[in-house]
Amino acid sequence: MVAIHSQVIFITGGAHGIGAEAARKLHAQGAKLVLTDLDQAQLTKFADELGGDRVLTVVADVRDLEAMQAAADQAVERFGRIDTVVANAGIASYGSVLGVDPAAFRQVIDVNLVGVFNTVRATLPAVIDRRGYVLIVSSLAAFAAAPGMLPYDASKAGVEHLANTLRLEVAHLGVSVGSAHMSWIDTALVRDTKKDLPSANEMLSKLPWPLNKTTSVEECADAFVTGIEERRTRVYCPGWVGLFRWLKPLLSSKFGEAPIRSVAAEAVPRMDAEVAALGRSTSTYTGSIEN
């Protein structure tokens, strides 16, 4: 166990949602924070809320390796080290393979997968110096596919494998690597999806409990803080998500896919019609950050 108050923690997507709430809890326990995001205004507002001299904010796009390297360099210059990295920045898209805007597909992969690589590549030398910890934010989606979520599912499965590979590469250097897997968390991303796509909301409502349950951001951030403190190999929120890691082969079998197939046959065409009517394949939240 590594005390939070002794750490410098680097968080991408740190101005919003899970990243911000985890940062708030880590700061309350005495951690020094390096927060990156695209949203300059929200970063400044959040840093003012936290107060003190234990927060460094950097506007940086995880898709830009040079920008992430500059952020890592600023972190080391300011605090002398990086103990923990939380590769949290992520977005999602709307629509099936035939319905999603191809540009939105590339955007999700670039942020969620390439962005994690860039974050790790830029910060890893500093983390190795501290024999530190990297937490890569994946999802329940790495274990169970959902129609209409291909870019997100593919990216989260990819970063889970990235975490598994990285763990093998750096274990002998004293670095621990974990992946975080969450179900539906009450973030702006999830709220926008429910509002924009009635079909997605209906699909969610038809899932059995607890798959249809939405968890608070606060509960998810608590799981992250515990994961960081204990350098966990896997962080689950809620805890039952861990069961799906072991059920993964069954979930992708004909038997496991049967319940979703019956729902998807009707819901996917409706979803694509809703996406076409919206005229966009990403949420308003994602669009506002990009702009």
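Going by the structure above, here's the rest.
Nothing here was measured: the structure is a model prediction, and the numbers come from that model.

## Observations concerning the sheet that holds strand β1 (residues 8-12)
Spatially, the seven strands line up as an open sheet ordered β3-β2-β1-β4-β5-β6-β7, and their pairing is parallel. Unpaired on one side and paired on the other, β3 (55-59) and β7 (234-237) mark the two borders of the sheet. The mean angle between the axes of side-by-side strands here comes to 15°, regardless of whether they run parallel or antiparallel. Alignment of strand β2 (residues 32-37) against β3, held across five bridges, turns out to be parallel. Paired with L33 across the bridge in β3 is V55. Contacting β1, β4 (84-87), β5 (133-137), β6 (176-182) and β7, helix α8 (residues 217-230) runs over the sheet at an angle of about 165° to β7. Sitting on the sheet, helix α9 (residues 241-251) touches β6 and β7, and the angle it makes with β7 is about 115°.

## Quick notes on helix α3 (residues 65-79)
In an α-helix, one full turn covers 3.6 residues, which means residues spaced three or four apart are oriented alike. With 15 residues, α3 should reach 21 Å at 1.5 Å per residue; the first-to-last C-alpha distance of 21 Å fits that figure. For α3, the set of buried residues is M68, A71, A72, A75 and F79. Around the axis of α3, the buried residues are gathered within 95° of arc, so they sit on the same side. Across α3 from its buried face, at more than 90 degrees, point the exposed residues E66 and E77. The opening residue of α3, the one whose side-chain oxygen lies 3.0 Å from the backbone nitrogen of E66, is D64. Once α3 finishes, G80 follows within two positions and takes phi at roughly 85°, a positive value.

## Let's talk about the pattern of salt bridges
Taken as a whole, this structure holds 15 salt bridges when the rule is applied. Ionic pairing is found between E266 and R270, a salt bridge with its closest N-O pair at 3.6 Å. Here R270 and E266 lie together in helix α10 (residues 254-278), a separation of four residues that amounts to about one turn. Residue E266 is classed as partly exposed on the basis of its relative accessible area, which comes to 39%. Between R270 and E274 there is a salt bridge; the shortest N-O distance is 3.8 Å. Placement of the pair is R270 and E274 together in helix α10, with a separation of four residues, close to one helical turn. Residue R270 is classed as partly exposed on the basis of its relative accessible area of 28%.

## Some thoughts on the environment of D37
Among the structural elements, D37 can be located in strand β2. Of the residues examined, D37 reaches a relative accessible area of 7% and is grouped as buried. Along the backbone, D37 and H16 are 21 residues apart, and their C-alpha atoms lie at a distance of 8.4 Å. Among the polar contacts listed, one links the side chain of D37 to the backbone nitrogen of A15, at a separation of 3.1 Å. A distance of 3.0 Å separates a polar side-chain atom of D37 from the backbone nitrogen of D39.

## A look at the environment of V134
The residue V134 is located in strand β5 in this model. Each C-alpha atom, one on V134 and one on T123, is 9.4 Å from the other, the two residues being 11 residues apart in sequence. Apart from residues no more than four positions distant in its own chain, V134 is found in contact with V85, V120, V127, L166, S176, V177 and G178.

Quick notes on the rules
Residues numbered from 1 in each chain as written. Predicted model: local features only at pLDDT ≥ 70, side-chain atom pairs only at ≥ 80, totals over all residues. Heavy atoms only, no water. Pairing = 2+ DSSP bridges. Helix = DSSP H or I, 4+ residues; strand = E, 2+ residues; numbered from the N terminus. Axes fitted to C-alpha atoms, helices over the stretch in contact; angles between N-to-C directions. Contact = heavy atoms within 4.5 Å. Expected span 1.5 Å × (residues − 1). Buried < 20%, exposed > 50% of the residue type's maximum accessible area, 1.4 Å probe, protein only. Arc of directions from axis to C-beta. Polar contact = N/O pair within 3.5 Å; in protein donor to acceptor, adjacent residues only side chain to side chain. Salt bridge = Lys/Arg side-chain N within 4 Å of Asp/Glu carboxyl O.

None of this, on its own, says anything about what the molecule does.
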